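# Examining the three-dimensional arrangement
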Amino acid sequence: MSRIRLEGLSRRFGSTVAVDDLHLDVADGEFVVLLGPSGCGKSTVLRMIAGLLPPTGGRVMLDDTDITHAPARERDLAMVFQSYALYPHLSVAKNIGFPLRARRLAKAEIRAKVEQVAAVLDLGGLLERKPKELSGGQRQRVALGRALVRDPGAFLMDEPLSNLDSKLRSTTRTEISALHQRLGATVVYVTHDQVEAMTMATRIVVLNHGKLEQVGTPEAVYDQPETVFVAGFLGSPAMNLVPATLHSVDGSLTVRAAEIDLPLGIAADLPDRPVIVGVRPEHLAIGGAGLRGVVRTVENLGGEEVAHCLVGEHTVAVRGPRPIGVRTGDAVGLRADPKHLHLFDPDSGRRLTWQAAPVSV
Ligand SMILES: Nc1ncnc2c1ncn2[C@@H]1O[C@H](COP(=O)(O)OP(=O)(O)OP(=O)(O)O)[C@@H](O)[C@H]1O
Ligand SMILES: [Mg+2]
């Protein structure tokens, strides 16, 4: 299996900077997910790793070899795309075995490997069918099989589940995760779906406008977002982000938002400064004498409900078990646990941190 290292990888298209000085280490056996909005450069990164697109700057290292300019077919990598790109006139067995025939392996050996992969992917009964006789999920598994059969150093996957309906997406997601655990393979996986990223990744790489915003475990990226962008991108509904002022009241740090003081319980005397305060909808509760708001709408998510409340001029989402206990038009108070408040610099968008007192913000 393989390590992949990106060293200052960049790609311009004319005046568009699609990928900007990306540094990333993918360890052997990791499942790294590149996550970000449409157009942030995810596919461009993957295509440069695969050798389908030359970088305009930087290097791609596979283990200790510089493969930046190596032809795609010489890289020990298998790519799975969003479109399955199966050969319509070939059977499932022939589609899966295609990379091995291209390598001129003996027929019996090809057959044995195809059967082995088909068993792993539960395609055993479908080997003689043509792609058009398969469901979308089965086709996607054939495409996975064609990558697996090569036994590559690493897998590169670009939104492989996005053509599947939501139920199939969730079962195939579980299958890919199980496969990763069983094979211990290195995977670089592109998606804009945060649920895929949170559930499958050992580490998430969040990209925005071709730049790296944050790399970390799903928990770290969700619980300790380094930037306002990451805070607002992960989570559904998104983290509430409101402009506020950080100031000290009697030697204790306090955030003033929507004309309410929220004490942080941290001893420090600092000059006033503007901040953006963030709190996730699940870390707000209805009731009490905190922020005052009016309920605009209540959304039923099944097991939970989200109340969207107007607080000053901001809409703030609160999420809780159903029934959440309020209705449109209700005047409500909102409580936030200070340990779940996130503070960001409004200019740089970066997280403001402190260890214990004294504070360094
Ligand atoms: N061949 C190309 N020529 C010109 N511009 C391109 C080309 N390929 C990509 N781009 C631009 O580079 C940027 C990154 O594109 P990329 O396909 O990597 O985004 P992405 O993150 O994969 O988006 P999506 O989630 O929509 O697939 C975009 O601004 C895109 O328009
Ligand atoms: Mg893409």
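Residues numbered from 1 in each chain as written. Chains lettered and ligands numbered in written order. Predicted model: local features only at pLDDT ≥ 70, side-chain atom pairs only at ≥ 80, totals over all residues. Heavy atoms only, no water.

Now for the overall build of the protein. Regarding its fold elements, the protein presents 8 helices and 19 strands. Counting over 361 residues, the protein shows a buried share of 48%. Carbon and sulfur atoms make up 50% of the accessible area of the protein, which totals about 17200 Å². Between the mean site of the 41 positive side-chain charges and the mean site of the 41 negative ones, the protein shows a separation of 10 Å. (Helix = DSSP H or I, 4+ residues; strand = E, 2+ residues; numbered from the N terminus. Buried < 20%, exposed > 50% of the residue type's maximum accessible area, 1.4 Å probe, protein only. Areas by Shrake-Rupley, 256 points an atom, 1.4 Å probe, with all protein chains shown as cover. Lys, Arg positive; Asp, Glu negative; His and termini not counted. Charge placed at Lys NZ, Arg CZ, Asp CG, Glu CD.)

Once that is clear, we can look at the sheet that holds strand S13 (residues 260-267). The 5 strands lie next to each other as S13-S12-S11-S14-S19, forming an open sheet whose pairing is antiparallel. The sheet is open, and its two borders are formed by S13 and strand S19 (342-344), each paired with just one other strand. Looking at each pair of strands side by side, their axes are set apart by 40° on average, direction ignored. Two strands pair when backbone bridges link them, and strand S14 (residues 273-279) and S19 are joined in this way by 3 bridges, in the antiparallel orientation. (Pairing = 2+ DSSP bridges. Axes fitted to C-alpha atoms, helices over the stretch in contact; angles between N-to-C directions.)

Our focus in this paragraph is the site of ligand 1. Near ligand 1 you find Phe13, Thr16, Ala18, Pro37, Ser38, Gly39, Cys40, Gly41, Lys42, Ser43, Thr44 and Glu159, and these make up its full shell. At a separation of 3.2 Å, an oxygen atom of ligand 1 approaches a polar backbone atom of Cys40. Note that an oxygen atom of ligand 1 is positioned 2.8 Å from one of the side-chain N or O atoms of Lys42. Contact with the protein chains covers 59% of the free accessible surface of ligand 1, which is 640 Å². At the level of secondary structure, the elements contributing two or more residues to the shell around ligand 1 comprise strand S2 (16-26) and helix H1 (42-50). Counting residues per element, the shell around ligand 1 draws most heavily on H1, which supplies 3 residues. When grouped by side-chain class, the residues that make up the shell around ligand 1 number 4 nonpolar, 6 polar and 2 charged. (Near = heavy atom within 4 Å. Polar contact = N/O pair within 3.5 Å; in protein donor to acceptor, adjacent residues only side chain to side chain. Nonpolar A, V, L, I, M, F, W, Y, C, P; charged D, E, K, R; others polar.)

Tracing the backbone shows Ile49 in helix H1. Sequence separation of Ile49 and Arg182 is 133 residues, and the distance between their C-alpha atoms is 24 Å.

Taken domain by domain, the protein comprises domain 1 (4-233) and domain 2 (240-344). Using only C-alpha atoms to locate each centre, domain 1 and domain 2 end up separated by 39 Å. Roughly 610 Å² is buried in total at the junction of domain 1 and domain 2, and carbon and sulfur atoms are behind 62% of that figure. Ranking the residues of domain 1 by area buried against domain 2 places Tyr222, Val228 and Ala231 at the top, with a combined share of 70%. The tally of links between domain 1 and domain 2 comes to 2 residue pairs in polar contact (both at pLDDT 80 or more). Of all elements in the fold, only helix H7 (218-223) and helix H8 (228-233) reach the threshold of two or more residues within the side of domain 1 that touches domain 2. (Domains from an automatic or database assignment. Buried area = accessible area lost by both parts, 1.4 Å probe.)

The subject of this paragraph is the sheet that holds strand S8 (residues 186-191). Strand pairing in a sheet relies on backbone hydrogen bonds, with the paired strands running either antiparallel or parallel. If you trace the 6 strands from one edge of the open sheet to the other, you get S6-S7-S8-S3-S9-S10, paired in mixed fashion. Each of the sheet's edge strands pairs with one partner strand only, and the pair in question is strand S6 (77-80) and strand S10 (211-216). When the angles between neighbouring strand axes are averaged without regard to direction, this sheet yields 15°. Here 5 bridges tie strand S3 (residues 31-35) to S8, and the two strands are oriented parallel to one another. For Phe31, the partnering residue across the bridge sits in S8 and is Val187. Across the face of the sheet, helix H4 (residues 136-148) comes into contact with S6 and strand S7 (154-158) while running at roughly 170° to S6. (Contact = heavy atoms within 4.5 Å.)

Ile96, Phe155, Met157, Ile176 and Tyr189 are the most contacted members of the largest nonpolar core, which has 45 residues in total. If one sorts the elements of this core by residue count, H4 sits on top with 5 residues. Non-local contacts of Met157, meaning those with residues more than four positions away in its chain, are made with Leu46, Val80, Leu144, Ile176, Val187, Val188, Tyr189 and Val190. (Core = buried A, V, L, I, M, F, W, Y, C linked by side-chain atoms within 4.5 Å.)

The next point concerns H4. For H4, with 13 residues, the first-to-last C-alpha span of 18 Å sits near the 18 Å given by 1.5 Å per residue. Taking burial as the measure, the 13 residues of H4 include 11 buried ones, the bulk of the element. Burial in H4 covers these residues: Gly137, Gln138, Gln140, Arg141, Val142, Ala143, Leu144, Gly145, Arg146, Ala147 and Leu148. Tucked into the core, H4 has its buried residues touching S6, helix H2 (92-102), helix H3 (107-120), S7 and helix H5 (166-183). (Expected span 1.5 Å × (residues − 1).)

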